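Survey of secondary and tertiary structure
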Amino acid sequence: MTAAVAVGTMLSIGAASAADLAARPYTKAPPMVPEVYTWTGFYVGGNVGAIGFGGNAIHQCTSPAGVASGTGCELVPDLGLNDTGVLGGVQAGYNWQSGRWVFGLEGDIDGTGLRGSAGTSGVFPVVGGGVTPSITVTDTARLDWFSTVRGRLGVTSGAALFYVTGGAAFGGVQASANYAGPVNGFPSSVSSTRGGWTAGGGIEWGFAPQWSAKLEGLYYDLGSVSSIGTSVPPINTFTDGTRFEINGWVARIGVNYRFGGPVVARY
């Protein structure tokens, strides 16, 4: 009798549980929500890379009457400053994201080891006829530091940001020139902070929450500087020198740390 009661009780409980489950509506578990990288916010970072000269060293000569390339001035050909150096420094900026579009403003400053040197020697034609005695021409330009302030416009693809960029560029230039002949020379030097423009593009990848890495290429143009010297020892009042075109390219990699929450759920 006791066993029968126990079996009956268990059957009643099972039936009640089955009825309760049948009465409840079925609810599907929510799907997994993918996370996406968002670029909005402040960031700071560092970079390292290469920088090159692409401009020319252009010979200048002024006659005693003040006429550029006047009678008696030697015609030395332009010399290319196609040299490469390293650079490295820091950057900081802010991004705004709207959908897949990213708008940003970034500033950076780098120290560089860029030093361009060019030279030639021989006899050269002179304005008004004739040729010079054998002379040696040596031109040297250095870019000690390089800085930019640029806007950025990009589009995202997953955790990658493809962007174009452009704005102002600045640099500290040191340049010198020397025209040395058998009797006299024209040594000169100039130091100047130059301003110009830059443009380029790159790709940045969010490889971890709040961290991203970038690869960037730029063209820059800082105008020109002139290094003009007078005769040493003084023999005439001609002035000789070089106009240095300060332009070229930058290729660098960098890492940024982004403040705020860089990863959000996409519904």
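How each quantity is defined
Residues numbered from 1 in each chain as written. Predicted model: local features only at pLDDT ≥ 70, side-chain atom pairs only at ≥ 80, totals over all residues. Heavy atoms only, no water. Helix = DSSP H or I, 4+ residues; strand = E, 2+ residues; numbered from the N terminus. Buried < 20%, exposed > 50% of the residue type's maximum accessible area, 1.4 Å probe, protein only. Contact = heavy atoms within 4.5 Å. Areas by Shrake-Rupley, 256 points an atom, 1.4 Å probe, with all protein chains shown as cover. Phe/Tyr/Trp six-rings, centres within 6.5 Å; stacked < 30°, edge-to-face > 60°. Lys NZ or Arg CZ within 6 Å of the ring centre and 35° of its normal. Salt bridge = Lys/Arg side-chain N within 4 Å of Asp/Glu carboxyl O. Pairing = 2+ DSSP bridges. Core = buried A, V, L, I, M, F, W, Y, C linked by side-chain atoms within 4.5 Å.

The subject of this paragraph is the overall build of the chain. Secondary structure assignment for the chain yields 1 helix and 12 strands. Element order for the chain, N to C, with α for helix and β for strand: α-β-β-β-β-β-β-β-β-β-β-β-β. The 267 residues of the chain split such that 37% are buried. Across the chain, contacts joining residues at least 24 apart in sequence account for 74% of those joining residues at least 6 apart. Just so you have it, the chain exposes about 13600 Å², and 65% of that area is on carbon and sulfur atoms.

So, about the packing of aromatic side chains. Inspection of every chain in the model, using the stated rule, returns 7 aromatic pairs. With centroids separated by 5.5 Å and ring planes inclined at 50 degrees, the aromatic side chains of Trp197 and Tyr219 adopt a geometry described as tilted. Of the two residues, Trp197 is situated in strand E9 (residues 188-208) and Tyr219 in strand E10 (residues 211-230); the sequence distance between them amounts to 22 residues. Classification of Trp197 by relative accessible area gives partly exposed; the value is 45%. The class of Tyr219 is partly exposed, set by a relative accessible area of 34%. For the ring pair Trp211 and Tyr257, a centre distance of 5.1 Å and an interplane angle of 65 degrees mean the geometry is edge-to-face. Of this pair, Trp211 sits in strand E10 while Tyr257 is found in strand E11 (residues 239-258), placing the two residues 46 residues apart along the sequence. Counting every residue linked through ring pairs, the aromatic cluster contains Phe42, Tyr94 and Trp96. Across the ring face of Tyr163, the terminal group of Arg152 is positioned such that the distance to the ring centre comes to 4.4 Å.

Further remarks concern the pattern of salt bridges. Summed over all chains, the structure comprises 12 salt bridges. In this structure, Arg150 and Asp108 form a salt bridge, with 3.0 Å as the shortest nitrogen-oxygen distance. Within this pair, whereas Arg150 is found in strand E7 (residues 135-157), its partner Asp108 is found in strand E6 (residues 101-122), the two being separated by 42 residues in sequence. Across the pair, exposure class does not vary: Arg150 and Asp108 are buried alike.

For the rest of this paragraph, the subject is the pairing of E10. On a regular strand, each side chain points to the face opposite its neighbour's, so the side chains alternate between the two faces of the sheet. Where E9 lies against E10, 10 bridges are found, and the strand directions are antiparallel. Bridge pairing links Gly201 to Gly217 in E10. The hairpin turn running from E9 into E10, its antiparallel successor, is 2 residues long, and Gln210 in that turn takes a positive phi close to 75 degrees. Direction of pairing for E10 relative to E11: antiparallel, over a ladder of 18 bridges. Directly across from Trp211, in E11, lies its bridge partner Tyr257.

Here we take up the environment of Ala208. As for its placement among the helices and strands, Ala208 is situated in strand E9. Placed 49 residues apart in sequence, Ala208 and Ala159 show a C-alpha to C-alpha distance of 9.3 Å.

With respect to the secondary-structure elements, Cys73 resides in the loop between strand E3 (56-62) and strand E4 (79-80). Linking Cys73 and Phe238, residues 165 residues apart in sequence, is a C-alpha distance of 7.6 Å. Those residues within four positions of Cys73 in sequence are excluded, and the remaining contacts are Cys61, Thr62, Ser63, Pro125, Val126, Val127 and Phe238.

To continue, consider the nonpolar core. Counting residues in each nonpolar core, the largest one holds 31 residues, and the members touching the most others are Ile51, Phe53, Leu143, Tyr220 and Phe244. Breaking this core down by element, the ones donating at least two residues are strand E2 (41-53), E3, E6, E7, strand E8 (160-180), E10 and E11. The next biggest cluster of nonpolar side chains, apart from the first, holds 5 residues, and it includes Tyr37, Trp39, Leu161 and Tyr163.

We now examine the pairing of E3. Looking at chain direction, E3 and E4 are connected through 2 bridges and run antiparallel. By the bridge assignment for E4, Asn56 is matched with Gly80. The sheet contact formed by E3 and E11 spans 6 bridges and is antiparallel. Directly across from Ile58, in E11, lies its bridge partner Arg243.

What follows deals with unusual backbone geometry. Residues Val232 and Pro233 are joined by a peptide bond in cis, for which omega reads -10 degrees. In this structure, Ser69 takes a positive phi of about 55 degrees despite not being glycine. A residue is classified by how much of its surface remains accessible, and Ser69, at 36% relative accessible area, is partly exposed. Despite not being glycine, Gln210 shows a phi value in the positive range, around 75 degrees. In this structure, Gln210 sits in the loop between E9 and E10.

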